[in-house]
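Summary of the model geometry
Here's the letter readout for the chains.
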Amino acid sequence: MAEENAAVNEETTSHVNTEGCEEAVLKEDDDGNSKKQLPADMYYEYEELYSRPFVTRDSQIPENLLHFFQSFCYDSGRRSNLQVLDDKTLIFVAGNLLVLLDISTKEQRYLRSCSGGGIGSIAVHPSKEYFAAAEKGNQPNIIVYEYPSLRPYRVLRGGTERAYSFAEFKQDGSLLASVGNAPDYMLTLWDWRQESVMLSCKAVSQEVYRVCFSSYNPGLLTSSGSGHIKFWTTDSTFTGVKLQGCMGNFGLTAVTNIEGFMELPTGKVVSGTDWGNLLLWDRSDIKVEICKKNGQTCHAGTVQPFALEDGQLLTFGSDGVIRGWDYELISGADCDTDSGRFEMEPLNEMVIGHNICISSMVKSSLSDSFVWFAQDSNGKIWKLDLSFSNKALDPVCLFSFHHGPIQGLDVSKTSYLMATIALDYSVKVFDFLEKRELKTFSFKKNATTLSWAPLSVSQSGCLLLIGFEDGVVRVFELYNPQRLHVLSEHSPKDDAGLRLKQAFKPHNAAVTAVAYERNGEILATGSVDCTVFFFTVEEKFNPIGFVHVPGAVQALEWSPQSHPNNRLLILCQNGHVVEVQRPDPKARDPPITFHLSELPRRSFRFTSIKSRIKREEEIIKHRVLKEEKKKEKEERLKESQQTDAEQEEEEEEELSPLYIPDSPSPLYCGLYSRPGQFWLSMGGFDSGYLYHCKFSAEQDENPEKSQDVPFDFLPVHNADDDPIHTITFSSDRQLMLCGMHSGSIRVYPLQPGDHNITSMQAYWTLSVHDNEYGHLRHIRCSHDDHFVLTAGDDGNIFSFSLLPPEELQKSLSRKKAKVPSPREGFENEPLPLDIENPTADSIESAKQNLQKDRLRREAERKLQEKQKKLAGLQKKYEQVLKVNQSLPEHVHLIPEELQLDSHFYEHVERMKAERVMEVRKQLAWEQERYSIAFNKLQDWFKASPEANMVTVVAIRTDHRVSTYHLPVLTNPSAQQITPSSSDGDREDAAPEHSKHKTKPATDSSEVEEEKKLQLRDDCKRVKLGDRQEERLQRAAKKAEQARAKIEKRKQEWAQLYAEKPDKNYEDPRDVQAIREAEENLKLKSDVTVVISLKVMAKRKREELAALQENFREKQIEMNKRIVALRDSKVRLVSWLHTQAWQLQKVQLRLANHLHHSPPFLPSVLPEETPEKWLQYKLAALERYRVLREQRCKDRENVCWSRSEVSSLLEQVKKMEREEEKDEKERASSPSTSSVTTEEEETAVGEVAEQSELEVELQREEEIRLLYEQESLLKKMESSVSQFDTELLLLRQQKVRLDFQLKRADLHQLMLFQEMLILKQFEKREGILPEKLNRCIKEENSITDPHVCLTKRTAMKTMTGIMIPLVQRTEELRWTSAFALQETSAKSSRKAVEKELEQISREIQEEMNTLDVVVPLRLTQIQFTTHDLVQSDLSEALVLDSMQMNKLQEHIKQLEVDKKQQNDLCRQAKQQCARLNCSLKNMAVEITELEEKCKELMMTKFGRLIDLDALQMQTGNRQLEELKQEKLLQELEYDKELSEWDAKVDKAHDGLSEVTKRNTELLHSITSLNEEKIRLEHKLATRQAELCRPQHYNHSRRETQEDIQRLEETVKRQSQQQRALRREIDLLSRKGGHISPPTRAQLLCHTVKQAEEHSSNPPKMCALEASLQVPGVPGWSCACPPPVCHQHASHIPAWTECGKRKEPLPR
């Protein structure tokens, strides 16, 4: 359909454009120019461009069948769908329309799209004289309209293939940039006035959201979109100007969708992100990510920059906040840290409101205006004043619409009213005749379906039925609120009101369909939970029952009046169709469930036949072609039959195989045609046809397995990819209106009385909603068929008129929409209860819960009876125990004999232990989770007091002082080089420590045995239980802990021995002091003192650490003073409030003219007590829990960010402050009342006359009160002044400390630089110091030759062999050798010293290059010229004038130090002697302790053992496995015993059955014996009477009576036998064991009956006689009595122990 419209429009457009081009060509030929130029006054005709409806040819359907009337919504989810044309007109896209909205009058003007495929984007010229509509469809165009004439000015063709996603004019209006959507994503630059393409290039392969020209560089463009940003330049090449793009590189930053960006004057670009921060791009790289302080995001959610005004970069976010940022800071932002973030705070901020999601902003067309219009994705348009001044206006909501897909639409059956619902928690009521919205009603849950009650239900048309996503159905009553206040003075402003009439919950999921029965007696509701519920429609909706269906319900359709039977057609989304019979409305309140399982039903499961239809069409086409070819052959010359046969074989083509989709196609809508037959519209693969279906005669029990096929179909033209979503008929059924998937409306004229829609051939169609996502799901006709209303998934609602505007105005000139008037007594009726809990039970669930409660109560009742019976048994058992105790000892039963089964008690104990263990396991995870969560909360919120910034503010001035933020210092000692002993020393120390420990001896045989046991265990491994495994794991864990402890102790001993000083150890501090003294005094000796670079670096580190520690202590001290000042302010504030209360009491007794104004009462600010942020009361914690639960209900994700938690805490704090404010107001209320009381007393006193004494006393009292007032005010004033003075003094001291800290920072920087230099030269120094020491040792080892020669001469003299010549020769030889050695040693030493001096010189040169900052006062600067300080002080020299005085004082100090050092030396010698003595004593003590330890081990273990190995011993797994194996064997034995018990029970049951049969036989024998005795007795009596002839007749009558009585007895006995059998059967079913009666009992029973018969009781049966036991009412002997029929209802049930149960029924 859209393609046909586009084709027609392209023909018209091409015709018009050809005429314009011809005119341009003619002008070109006249002027002789080489370039085409379109005339500036050339326009197109709108009537020839806009898309028209498509009408089937030769159908006689008028083109203007429907006339557009009004648009009631706004597509707020579309990107950049709001532009400004002038100060009163807004323009936006609604489906296939451009809507021009007047802000003041709310009137709308419309422009249809020219392609019929929709509109992709709109752009407004900077001059506001033109605007462009970039359309969608096949080869769409961009139409440029002139404003305000709305005439088409230019048509831009060939920019993209399918749709435009964005378009924008250049700032000077000369060019237009457009970006296409899939599949080409073409970026095009237009010379739009000449309708020519300047440059064109593919942007990216992803969706592009926006493209914009540079405001500062005309050759630059920027585009952004899904996961990218691209920077474009127009470069000149040898082939011409081209677009060159450079994709933005995100680097380490996460890739994000970029909705908006802003170019800065510096050429940098600021873009938004999905997570709320800003990205600063320097061409293709991210320079920095901008966020707020402490890492907070700039906005919550998506952020977009949109303007640069007054030095501020304005941004908006999806959180409904607009912020202004300093442009200079952003432009020069840079980051030195690894995080890549730059933190800053906004300059200005505007919070529009809650639940606001801004998606685009446009500025007003007025110059120098700060007014902006904002597009809210939640369906609103806002007017904002962004001047950020005190006079700025509050945000104003201009328009409010639905947002998101429209879920339901219905019209009133009596008036021009329309109700709509959407996924925005609202219901709107419209007067579509007056083109206005009457009222919006909000709910807590989304509404999913809507139905206006028919006239058969409500004659006034006031009932609305709305289904919600939580399964609740609410019945509302629409009324006119102004009718309720006719007699009142003030009438309400609302034009409509909605009152809840009833709420019920038939489903557990979203309600998708509701339908009234054709007579209005029954309501049916369908849901996603695959159920359909029925209700009776009366004053209230009462439930009847529900049925299950095989899929989620899509629609409900009752059979029309023409059908004989009233049935409901249920359409499921998965292709199933179910038909159920109308339930009986009188069948209410079933006892157990509402499920109507016996309701007649038929089902149909759709099976695809589209592939077969296509195949049949192909066969027909092939047949037609074959016939045509056959005719052609006949005309030609006949060829051989063989050739023809071969040709026929070649012409045959294979048909496409049949295809049935795996997943069923979705079912969209359906309707009845005839009884048992219906039409279906399918989507997916099966779209393009209407399928005629019927229910099969043989219904399958499982509808999921059935495969039903339609028996007929109707093709729908151009609907293979555009299925029908909904079908609606006019009231006379002459028009069938269809809502299509593409958002178009299609109208089929039908013949009168055509219920089978067979006349559905020609049609009229028009694109209305968006062709991509505006699926048309709802169509309704007004009650008089004058209007057609449509609603789609694009959020748009349109109304059309079936009459031309002139006729419509005439026919409706006197008609208006009427809101139903409220019923009489409407306002006095109580509101019904609503279902607010989303987890509330449905009707069926509530019924089942009631049934469960009833069963539970019944079970509890039975349990109580059982408990009573058990209590009786327990009491009887106690009595037995007492009787047992009273018996003699030799007859006593022991407790084991009284115990029934010991295994029972063991089983109970074992079950209890298992349950306890199971509960502990279940709670272990929760316990661990809560402990971890508690630790996390402590780590998260509980910061050290040093990290809290406390700011103390003065009371009368703005002076304030804040504490220092003290970060945690790193351990400087970790960076220092600590002296460590050599590896050899540690190796030597380790054996000494290990001497005191006994090594355990290992036996090879034991190891072999352990290996064998292990192999045997591996072969036969027994699986341990959880308890054994846990015990072993606990033992292993304990051993591991012991092993770790022992290893730690070993390491500590090793460290102690390693740190043990040598005998020749010298204190490093003493050595360092000596070296420093030698360096300072510049001592020169034969041994040259060389300071290692490592030592120098170490000194620098120590100096740096000392500097940090020193000033940290000063900062801590200053922090303590500030905190103390804060505490004094807290006390002062409390004292001032107390004094103010006293002052108020004094002033209450003074006249008003004598009152002095009290001073301002300060309060403690939040920044002064930051530690209170973590102090919450129980009420605050409860509020936090409630708020968190409420937010958790509205979201899926269980995870919480820090910002969300902070917002919750802020909200709780706000509520606390409000409560404190209320408490203060309540506290101040008594004072007000006292004031009133005092005034009343004063007034009474003024009325009464006062004496002179009273006047005098009152004057004295007044003077005293004035004095008290003055003193209180002075005290308060002095206290406040004193506090401010202290704060100012402390502030000055802090400023001085800040100055010192700054100098320390500079000094620290210098030390750090020096340390870095020393580190650089450490590698070069290497082994030079060691080499120098070696050379010095060699030089010192050279012996003087004269000494050697003297010794040798002495030895020779002793022997007497010394010759003078030889002596001289040897002397020369020794002298020359010594000279050579000394020369070589000195030369090597000098070379090393030279290298060291070179390194020292280089170090000094590097250090001289460092800049040292020295702060000086002007009075200290003597480097002047003509008493003026020179600007360049680089040639000046800085000297310390106090240094010489310090040196002189230092000499005196050194003398004192010398004396002190001598004293220290003497004391050190004494201490050394004491330490040596202590060392000897400790060695002796250690020896004694070792001997004692050995004795204890021999005493306890019998040998020396390794205690460490004993501690590390783990559990014995073999023992645990043996225990487990023993337990398993016991379980097997128990199982075998239980089997034998079952066999015994079975045998006992068999014995019981045999005994019962025997008992029955005995009963029969007993009864026969009784009869025999009675007969014998009667026979004897008769014989005696025979002797009396006078009584013959009388005896004969008695004989006959006896015969009759005997016959009755026989019958009664047979009945008793049958009753006994029935009773035995009942008792056997109950499971009780019946013990057979003994022979003694039978004889006893027989004798009793004989006695009773002998006594001839009057009319008493044997059963009654047997029940009469003397002394025990209701009891008889242990045997079961016989049962007679007439007393069967009163006979109790008997157990084997003789007790009776409740009476059995007959």
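Fair warning: this is a prediction, and the values are worked out from it, not measured in the lab.

On to the sheet that holds strand 2 (residues 67–71), then. The sheet built from 4 strands is open, its strands ordered 2-58-57-56 with antiparallel pairing. In the strand order of this sheet, the two ends are held by strand 2 and strand 56 (776–781), each with one partner. Put simply, the sheet's adjacent strands are angled 25° from each other on average, direction ignored. Pairing analysis gives 4 bridges linking strand 2 to strand 58 (residues 797–801), with the strands arranged antiparallel. Among the inter-strand pairings, phenylalanine 68 is bridged to a residue of strand 58, identified as phenylalanine 800.

On to the side chain of arginine 210, then. The residue arginine 210 is located in strand 15 (residues 208–213) in this model. One buried charge, arginine 210, has no salt-bridge partner; the nearest side chain with opposite charge is glutamate 168, at 4.8 Å. Looking at arginine 210, its side chain comes within polar contact range of the main-chain oxygen of phenylalanine 261, at 3.1 Å. Discounting residues that sit within four places of it in the chain, arginine 210 has contacts with Phe166, Thr222, Ser223, Ser224, Glu259, Gly260, Phe261 and Pro305.

The next subject is helix 18 (residues 1328–1341). Helix length check: helix 18 (14 residues) gives 20 Å between terminal C-alpha atoms against 20 Å at 1.5 Å per residue, within 8%. Within helix 18, burial applies to Leu1328, Pro1329, Leu1332, Cys1335, Ile1336 and Glu1339. Along the axis of helix 18, the buried residues cluster in a sector spanning 120°; they form a single face. More than 90 degrees from the buried face of helix 18, the exposed residues found are Glu1330, Lys1337 and Ser1341.

Moving on to the pairing of strand 29 (residues 371–376). The side chains of a regular strand alternate between both faces of the sheet. Counting buried positions over the 6 residues of strand 29 gives 6, a clear majority of the element. Covered by surrounding structure in strand 29 are Val371, Phe373 and Gln375 together with Trp372, Ala374 and Asp376, the residues of both alternating faces. Bridge analysis of strand 28 (residues 358–363) against strand 29 gives 5 bridges, and the strand direction is antiparallel. In the sheet register, serine 360 faces strand 29, and the bridge partner there is glutamine 375. Relative to strand 30 (residues 380–385), strand 29 is paired through 6 bridges, and the arrangement is antiparallel. By the bridge assignment for strand 30, alanine 374 is matched with tryptophan 382. Hairpin connection, strand 29 to strand 30: the antiparallel pair is bridged by 3 residues, and glycine 379 has positive phi, about 95°.

In this section: helix 4 (residues 610–635). Between the first and last C-alpha of helix 4 there are 38 Å, a value that for 26 residues agrees with the 38 Å anticipated at 1.5 Å per step. Turning to helix 4, its buried residues are Lys610, Ser611 and Ile613.

Time to look at the nonpolar core. Of all hydrophobic cores here, the largest spans 41 residues; its most connected members are Met418, Phe432, Leu478, Phe787 and Ile797. Per-element accounting of this core gives the leading share, 5 residues, to strand 33 (residues 417–422). The residues contacting phenylalanine 432, other than those within four sequence positions of it, are Phe69, Phe72, Val411, Tyr416, Leu417, Met418, Ser782, Phe787 and Leu789. Formed by 34 residues, the second largest nonpolar core is a distinct cluster that contains Leu66, Tyr74, Val84 and Leu90.

This brings us to the pattern of salt bridges. The tally for this structure, following the rule as stated, stands at 46 salt bridges. Residue glutamate 521 pairs with arginine 582 through a salt bridge whose shortest N-O separation is 2.4 Å. With glutamate 521 in the loop between strand 40 (511–516) and strand 41 (522–527) and arginine 582 in the loop between strand 46 (576–581) and strand 47 (601–605), the pair connects residues that are 61 residues apart, well separated along the chain. Owing to a relative accessible area of 22%, arginine 582 belongs among the partly exposed residues under this scheme. Between glutamate 1040 and arginine 1043 there is a salt bridge, and its shortest N-O distance comes to 2.5 Å. One end of the pair, glutamate 1040, and the other, arginine 1043, are both in helix 12 (residues 1026–1058), 3 residues apart, so they sit about a helical turn from each other.

A few words now on the sheet that holds strand 5 (residues 97–102). Pairing within the open sheet is antiparallel, and its 4 strands lie in the order 3-4-5-6. Single-partner strands in this sheet number two, and they are strand 3 (83–86) and strand 6 (108–112). The mean angle between the axes of side-by-side strands here comes to 30°, regardless of whether they run parallel or antiparallel. Direction of pairing for strand 3 relative to strand 4 (residues 89–94): antiparallel, over a ladder of 3 bridges. Bridge pairing in strand 4 links valine 84 to leucine 90.

Inspection of the secondary structure puts lysine 136 in the loop between strand 8 (130–135) and strand 9 (142–146). Those residues within four positions of lysine 136 in sequence are excluded, and the remaining contacts are Ser115, Gly117, Gly118, Ile119, Gly120, Arg162, Ala163, Tyr164, Asp770 and Glu772.

Further remarks concern the confidence of the model for the protein chain. Looking at the protein chain, the pLDDT average stands at 80 and 80% of residues meet or exceed 70. A low-confidence stretch, residues 642–651 stays under pLDDT 50, and its non-local contacts, those more than four residues away or across chains, total 5 contacts. Note that pLDDT drops below 50 for residues 1230–1240; the model gives that stretch 5 contacts with residues more than four away or on any other chain.

The final tally for this structure, using the stated rule, is 38 aromatic pairs. Their ring planes at 70° and their centres at 5.4 Å tell us that phenylalanine 432 and phenylalanine 787 sit as a pair that is edge-to-face. Linking phenylalanine 432 in the loop between strand 34 (426–431) and strand 35 (436–442) with phenylalanine 787 in strand 57 (residues 787–792), this pair joins segments that are 355 residues apart in sequence. The interplanar angle of 35° and the centroid separation of 6.0 Å between the aromatic rings of phenylalanine 504 and phenylalanine 541 together place this pair among those described as tilted. Highlighted residues: phenylalanine 504 in strand 39 (residues 497–504) and phenylalanine 541 in strand 43 (residues 541–548), separated in sequence by 37 residues.

The rules behind each value
- Residues numbered from 1 in each chain as written.
- Predicted model: local features only at pLDDT ≥ 70, side-chain atom pairs only at ≥ 80, totals over all residues.
- Heavy atoms only, no water.
- Pairing = 2+ DSSP bridges.
- Helix = DSSP H or I, 4+ residues; strand = E, 2+ residues; numbered from the N terminus.
- Axes fitted to C-alpha atoms, helices over the stretch in contact; angles between N-to-C directions.
- Buried < 20%, exposed > 50% of the residue type's maximum accessible area, 1.4 Å probe, protein only.
- Lys, Arg positive; Asp, Glu negative; His and termini not counted.
- Salt bridge = Lys/Arg side-chain N within 4 Å of Asp/Glu carboxyl O.
- Polar contact = N/O pair within 3.5 Å; in protein donor to acceptor, adjacent residues only side chain to side chain.
- Contact = heavy atoms within 4.5 Å.
- Expected span 1.5 Å × (residues − 1).
- Arc of directions from axis to C-beta.
- Core = buried A, V, L, I, M, F, W, Y, C linked by side-chain atoms within 4.5 Å.
- pLDDT = per-residue confidence, 0-100.
- Phe/Tyr/Trp six-rings, centres within 6.5 Å; stacked < 30°, edge-to-face > 60°.

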